[in-house]
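Examining the three-dimensional arrangement
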Amino acid sequence: MTEEHKTSEHTVEEHAHGADCGHETVEHGDHVDYLHDGHRHAEHDGHYDEH
């Protein structure tokens, strides 16, 4: 089984997700993703992967 990952147009420099960013968190394995504009963001190498 494979999961397709797409790079978001949002970069970490434009918006840093964190405890006070205002977005809902979602536990995802060993990290936390953030719901952003209907997408789940996971930080990866200076950008967000969309799950």
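Heads up: the structure comes first, above all this text.
Here the structure is a predicted model, which is why all the values come from computation and not from measurement. (Residues numbered from 1 in each chain as written. Predicted model: local features only at pLDDT ≥ 70, side-chain atom pairs only at ≥ 80, totals over all residues. Heavy atoms only, no water.)

Under the counting rule described, the total for this entry stands at one salt bridge. In this structure, Arg40 engages Asp33 in a salt bridge whose closest nitrogen and oxygen atoms are separated by 3.0 Å. (Salt bridge = Lys/Arg side-chain N within 4 Å of Asp/Glu carboxyl O.)

Another point: the pairing of strand E4 (residues 39-44). As paired strands, strand E3 (residues 31-36) and E4 are joined by three bridges and run antiparallel to one another. In the strand pairing of E4, Leu35 is matched with Arg40. Adjacent in sequence and paired antiparallel, E3 and E4 are bridged by two residues, among which Asp37 carries a positive phi angle near 50 degrees. Two strands pair when backbone bridges link them, and E4 and strand E5 (residues 47-50) are joined in this way by four bridges, in the antiparallel orientation. When the sheet's bridge partners are listed, Ala42 is paired in E5 with Asp49. Once E4 ends, the chain turns through two residues before running back antiparallel as E5, passing Asp45 with a positive phi of about 50 degrees. (Pairing = 2+ DSSP bridges. Helix = DSSP H or I, 4+ residues; strand = E, 2+ residues; numbered from the N terminus.)

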